[in-house]
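Here is what each chain is made of, one letter per residue.
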Amino acid sequence: MMKHIFQKGSNLETPVLLLLHGTGGTETDLLGIAEMVSPESSVLSVRGNVLENGMPRFFRRLAEGVFDEEDLVFRTQELNEFLDQAAKEYEFDRNNIVALGYSNGANIAASLLLHYEGALKGAILHHPMVPRRGIDLPNNSGIPVFIAAGVNDPICPAKETEDLSQLLQSAGAKVEVKWENFGHQLTRSEVEEAGVWFQKHFG
Ligand code: MLT
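Rules used throughout
- Residues numbered from 1 in each chain as written.
- Predicted model: local features only at pLDDT ≥ 70, side-chain atom pairs only at ≥ 80, totals over all residues.
- Heavy atoms only, no water.
- Near = heavy atom within 4 Å.
- Polar contact = N/O pair within 3.5 Å; in protein donor to acceptor, adjacent residues only side chain to side chain.
- Areas by Shrake-Rupley, 256 points an atom, 1.4 Å probe, with all protein chains shown as cover.
- Nonpolar A, V, L, I, M, F, W, Y, C, P; charged D, E, K, R; others polar.
- UniProt positions renumbered as here; feature names shortened; annotations may be inferred.
- Helix = DSSP H or I, 4+ residues; strand = E, 2+ residues; numbered from the N terminus.
- Patch = residues over 30% accessible without salt bridge, like charges linked within 9 Å, V, L, I, M, F, W, Y side chains within 5 Å.
- Salt bridge = Lys/Arg side-chain N within 4 Å of Asp/Glu carboxyl O.
- Buried < 20%, exposed > 50% of the residue type's maximum accessible area, 1.4 Å probe, protein only.
- Core = buried A, V, L, I, M, F, W, Y, C linked by side-chain atoms within 4.5 Å.
- Contact = heavy atoms within 4.5 Å.
- Expected span 1.5 Å × (residues − 1).

### Considering the site of the ligand
In step 1: The full set of residues close to the ligand is Thr23, Arg57, Phe59, Arg61, Glu64, Gly65, Phe67, Ser103, Asn104, Asn107, Met129 and Ile155.
In step 2: Within the side chain of Arg57, a nitrogen or oxygen atom sits 2.8 Å from an oxygen atom of the ligand.
In step 3: A distance of 2.9 Å separates an oxygen atom of the ligand from a polar side-chain atom of Asn104.
In step 4: Within the complex, the protein chains bury 96% of what would otherwise be the 260 Å² of accessible surface of the ligand.
In step 5: Per-class residue counts for the shell around the ligand are 4 nonpolar, 5 polar and 3 charged.

Okay, here's the thing in structure tokens:
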């Protein structure tokens with residue numbers, strides 16, 4: 001089980017937004033952003049099950065930017081199974097979920113795409129890194145992915161964004177990257193851009 005909020009939307013055909021917060025966040029952090037990106041969507045917002053000095057995360061890390069691969073694999077499976085359960089409990093289509101994640105939350109969303117075929121219908125990744133390298137990838141054919149990145153992001157160097165974009169494309173995903181002249185922060189303009197992207201693919 002994962003602590004979460006479910007809010008039923010006004011349009012049940014529109015993809016459910018799966019909200020995944022950054023390190024130290026909670027399941028309420030991204031509710032306002034979901035409202036900006038797709039006001040009609042149902043929202044499933046999850047709290048990470050790992051605590052780092054009291055800060056919720058979606059998987060453990062050994063140091064800043066150095067991930068605990070075993071825990072990442074375990075937590076990715078846990079989240080994927082939680083999505084199966086939540087779809088049953090709240091009676092939405094399991095195949096109609098688009099993730100919206102920031103930082104650590106974007107990393108676990110990317111990890112779902114890198115480990116499970118059909119886990120997500122699409123993904124909005126704000127300031128993600130490459131969660132795992134050197135594995136065989138599932139088929140992500142035609143899955144739209146929006147990545148927002150900052151050219152001066154000290155946590156996520158530009159190369160990480162380029163590598164992730166290439167990795168996802170090599171699995172068949174349709175990746176769009178939005179660069180901004182900022183750092184790791186989530187900006188209003190990238191959220192607006194994510195909204196335009198969402199309408200284009202799912203509106
Ligand atoms: C991570 O640990 O997932 C990344 O370093 C981003 C973050 O600080 O949450």
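### Let's talk about the UniProt feature "domain: Phospholipase/carboxylesterase/thioesterase" (unreviewed entry) in the protein
In step 1: Those residues carrying the UniProt feature "domain: Phospholipase/carboxylesterase/thioesterase" (unreviewed entry) are residues 8–197 in this numbering.
In step 2: The straight-line gap between the two end C-alpha atoms of residues 8–197 is 22 Å; of that span, 34% is helix and 24% is strand.

### Focus on a nonpolar patch on the surface
In step 1: On the surface, a cluster of nonpolar side chains totalling about 220 Å² of accessible area is made up of Val151, Val177 and Trp179.
In step 2: Inspection of the secondary structure assignment puts Val151 in the loop between strand S10 (144–150) and helix H4 (158–170).
In step 3: Take Val151: its relative accessible area is 41%, and that puts it in the partly exposed class.

### Structural notes on the nonpolar core
Note on soluble globular proteins: their nonpolar side chains tend to be buried together.
In step 1: Membership of the largest hydrophobic core comes to 39 residues, with the highest contact counts inside it found for Leu18 and Leu125.
In step 2: Looking at this core, the elements with two or more residues in it are strand S2 (16–20), strand S3 (43–46), helix H2 (69–90), strand S8 (97–102), helix H3 (104–115), strand S9 (122–126), S10 and H4.
In step 3: In terms of residue count, the dominant contributor to this core is H3 (7 residues).
In step 4: Once residues lying within four places of it in the same chain are set aside, the contact partners of Leu18 are Leu44, Val46, Leu83, Ile97, Val98, Ala99, Leu100, Leu112 and Leu120.
In step 5: Within the second largest apolar cluster, 18 residues are counted, among which are Leu17, Ala34, Ala148 and Val191.

### Some thoughts on unusual backbone geometry
In step 1: Located in the positive-phi region is Asn53, a residue other than glycine, with phi close to 45°.
In step 2: Take Asn53: it is sitting in the loop between strand S4 (50–52) and strand S5 (55–57).
In step 3: You will see that Glu91, though not glycine, has its phi angle at about 55°, which is positive.
In step 4: Accessibility expressed as a relative area gives 72% for Glu91, which makes it exposed.

### A look at helix H5 (residues 188–202)
In step 1: For H5, with 15 residues, the first-to-last C-alpha span of 21 Å sits near the 21 Å given by 1.5 Å per residue.
In step 2: The secondary structure elements touched by the buried residues of H5 are S2, helix H1 (31–37), S8, S9, S10 and strand S11 (174–180).

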